[in-house]
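Structural features, examined
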Amino acid sequence: MTTKNFAFVFPGQGSQSVGMLDAWGNHPAVVACLEEASEALGEDIGRLIHGGPKEALALTTNTQPVMLVAGVAAWRVWQAEGDPIPAAVAGHSLGEYSALVAAGALTLAQAAPLVRLRASAMQEAVPVGAGAMAAILGLPASKVVAGCSEASDRFDAGSGDVVEAVNFNDPVQTVIAGTKAGVEKACEMLKAAGAKRALPLPVSAPFHSSLMKPAAEKLRAALAELAFEAPRIPVVNNIDVAVVRDAAAIRDALYRQAFGPVRWVECIGALQARGVTHVVECGPGKVLSGLTKRIDAALVAASVSDPASLQETRELLA
């Protein structure tokens, strides 16, 4: 048994890559995971993950289900190997669905079609090219929030142009989203206010902004149909940085998360407040591990994305 107090965190869109599950080989937990998701989606999701192409994985209607599956697959391997249960779990944006599956609130068969619906609803909410997102680097979050508000005020009320801070990733990295004109105006103003960089992100919709409200309404209808169980592991949610166990509260948090900000810095703080010292990224990539170190260098970041990293994490937690 581990003496370390650790949490698992699940990545969202942007960490996908072609062949991201190949290193697991034919691990029974991964094979079963792919079969369950493929049956629920009515397509061979394993073939898509293994063969891509990259452009197909980058389509949000594919990215969301494949990232869900990849995160859950890594979790199922960890469980199958008899490794210890984390003190808490959380997920960045879409990763919250992986966290809920890991905690037993939803099955993978329930979650896979749900995230595909979430993705297609988000894509339909704003025409491609009409919305945008950008990462603002080197400026405190409070200044980014103020800058977005100032930029939005520059537009006529009838223009429909908006820009909002939507992902609070680390103390000096905040992602903004909104209409194309809104994001461009905010980038210009935030650079003038001292931001080191304002990087446009290659995304197909302004995720987590108020422009996603129509998508959230479709998601709410789908969430209402699903039976949620009480999570067996505490799940720190993005929207309220809260642990909720009641099905109605989980549904409501997922609904609001679609058009509200990802408060990741605070989520990591909430894990620390629960005594967590080690944060393990479960799934492909190292995006969240990098954020963990930048949020608090005292935290130990680890990952479970293939057999080698699983063994390293096991030894780290021993």
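This write-up is about the structure you can find in this document. (Residues numbered from 1 in each chain as written. Predicted model: local features only at pLDDT ≥ 70, side-chain atom pairs only at ≥ 80, totals over all residues. Heavy atoms only, no water.)

1. Examining the pattern of salt bridges
- Across all of its chains, the model carries 14 salt bridges by this definition.
- In this structure, Lys185 and Glu188 form a salt bridge, with 3.7 Å as the shortest nitrogen-oxygen distance. Placement of both Lys185 and Glu188 in helix α8 (residues 180-192) is noted, with a separation of three residues, approximately one turn of the helix.
- Look at Lys185 and you get partly exposed, because its relative accessible area is 24%.
- Members of the salt-bridge network, linked through shared partners, are Glu81, Asp83 and Arg314. (Salt bridge = Lys/Arg side-chain N within 4 Å of Asp/Glu carboxyl O. Helix = DSSP H or I, 4+ residues; strand = E, 2+ residues; numbered from the N terminus. Buried < 20%, exposed > 50% of the residue type's maximum accessible area, 1.4 Å probe, protein only.)

2. Points about the packing of helix α4 (residues 60-80) against helix α5 (residues 95-102)
- Where α4 meets α5, the closest approach of the two axes is 9 Å, and the angle between their N-to-C directions is 35 degrees. Note on packing geometry: the crossing formed by α4 with α5 is right-handed. From α4, Met67, Leu68, Val72, Trp75 and Arg76 reach across to α5, where they touch Tyr97, Ser98, Val101 and Ala102.
- Considered class by class, the residues forming the contact of α4 with α5 number seven nonpolar, one polar and one charged. (Axes fitted to C-alpha atoms, helices over the stretch in contact; angles between N-to-C directions. Left-handed = near helix turned anticlockwise from the far one by under 90°. Contact = heavy atoms within 4.5 Å. Nonpolar A, V, L, I, M, F, W, Y, C, P; charged D, E, K, R; others polar.)

3. Describing the environment of Val276
- The residue Val276 is located in the loop between α11 (264-273) and β8 (278-282) in this model.
- Val276 sits in the buried class, given a relative accessible area of 4%.
- Taking the C-alpha atoms as reference points, Val276 and Arg314, separated by 38 residues in sequence, lie 16 Å from one another.
- Excluding residues within four positions of it along the chain, Val276 makes contact with Asn5, Phe6, Ala7, Ala87, Leu271 and Leu299.

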